[in-house]
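Structural overview for review
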Amino acid sequence: MSRMTTRSTPSPEDFESMARSALEALPAPFDAHARAVLLHVADWPDHDMLEDLQIDDPLDLTGLYEGIPLTEKSVADPAPFPDQVWLFREPIIAEWRDRGDVELEDLVAHVVVHEIAHHFGWSDEQI
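Read on for an overview of the structure. Just so it is clear, the model here is predicted, and its values are computed rather than measured.

Topic: the sheet that holds strand E3 (residues 84-88)
Across the sheet, three strands lie side by side as E1-E3-E2; this open sheet has mixed pairing. Every interior strand has two partners, whereas the edge strands, strand E1 (38-42) and strand E2 (63-66), have only one. Across the sheet, the axes of successive neighbouring strands diverge by a mean angle of 15°, strand direction being ignored. Note that E1 and E3 share five bridges and pair parallel. Each residue of the ladder has a partner; that of His40, found in E3, is Trp86. Across the sheet, helix H4 (residues 89-99) is in contact with E1 and E3; its angle to E3 comes to roughly 50°. Sheet contacts for helix H5 (residues 104-119): E2 and E3; angle to E2, the most-contacted strand, approximately 20°.

Structure below.
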């Protein structure tokens, strides 16, 4: 896959490939824990996600971590669902086009790292 240097819309497959490459590029010791997180790519966040987060404009949500951060996990209290990271393709593409100063692969990697950081227990302020 070539780097996205034009403003054409990448296919969903190309977008997911960029996200998976970003996950695979995480350094040790983060990579092993991050690979346990399910990665989903959707064009848009669904209505329930937006409502839960009190977000009116779907363009304001580029990614979402759903799960229990590692800093809060306990073997005595297993999580009922696997941890998940959602990337929302259309909001990320819109930001990429609006900014015009970043490669799409870099922006996707930024969102992936941001959401995975939540898996490790970091807040938005710490990230």
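On we go from here.
Considerations on the environment of Asp57
By the secondary structure assignment, Asp57 is in the loop between helix H3 (47-53) and E2. Sequence-wise, Asp57 and Pro91 are 34 residues apart; in three dimensions their C-alpha atoms are separated by 9.8 Å.

Some thoughts on the environment of Phe81
Counting through the fold element by element, Phe81 comes out in the loop between E2 and E3. Separated by 13 residues in sequence, Phe81 and Ile68 place their C-alpha atoms 9.2 Å apart.

Focus on the packing of H4 against H5
Packing of H4 against H5 brings their axes to within 10 Å, and their N-to-C directions diverge by 130°. In terms of orientation, H4 and H5 fall into the oblique class. Judged by the twist between their axes, the crossing of H4 over H5 is right-handed. Residue-level inspection shows Ile92, Glu95, Trp96 and Arg99 of H4 in contact with H5, the latter providing Leu104, Leu107, Val108 and Val111. Of the residues that constitute the contact of H4 with H5, the class distribution is six nonpolar, no polar and two charged.

Points about the side chain of Gln84
Note that Gln84 resides in strand E3. Of the polar contacts made by the side chain of Gln84, one reaches the side chain of His40; its length is 2.6 Å. Those residues in contact with Gln84 that sit more than four places away from it in its chain are Val37, Leu38, His40, Leu64, Tyr65 and Glu66.

Focus on the nonpolar core
In this structure, Leu23, Val85, Leu87, Ile92, Val108, Val112 and Ile116 are the most contacted members of the largest nonpolar core, which totals 23 residues. Breaking this core down by element, the ones donating at least two residues are helix H1 (12-24), E3, H4 and H5. Looking at this core element by element, the count peaks at six residues for H5. Every residue in contact with Val108, bar those within four places of it in the chain, is listed here: Phe15, Met18, Ala19, Leu87 and Ile92.

About the cut-offs
Residues numbered from 1 in each chain as written. Predicted model: local features only at pLDDT ≥ 70, side-chain atom pairs only at ≥ 80, totals over all residues. Heavy atoms only, no water. Pairing = 2+ DSSP bridges. Helix = DSSP H or I, 4+ residues; strand = E, 2+ residues; numbered from the N terminus. Axes fitted to C-alpha atoms, helices over the stretch in contact; angles between N-to-C directions. Contact = heavy atoms within 4.5 Å. Parallel < 35°, antiparallel > 145°, perpendicular 65-115°, else oblique. Left-handed = near helix turned anticlockwise from the far one by under 90°. Nonpolar A, V, L, I, M, F, W, Y, C, P; charged D, E, K, R; others polar. Polar contact = N/O pair within 3.5 Å; in protein donor to acceptor, adjacent residues only side chain to side chain. Core = buried A, V, L, I, M, F, W, Y, C linked by side-chain atoms within 4.5 Å. Buried < 20%, exposed > 50% of the residue type's maximum accessible area, 1.4 Å probe, protein only.

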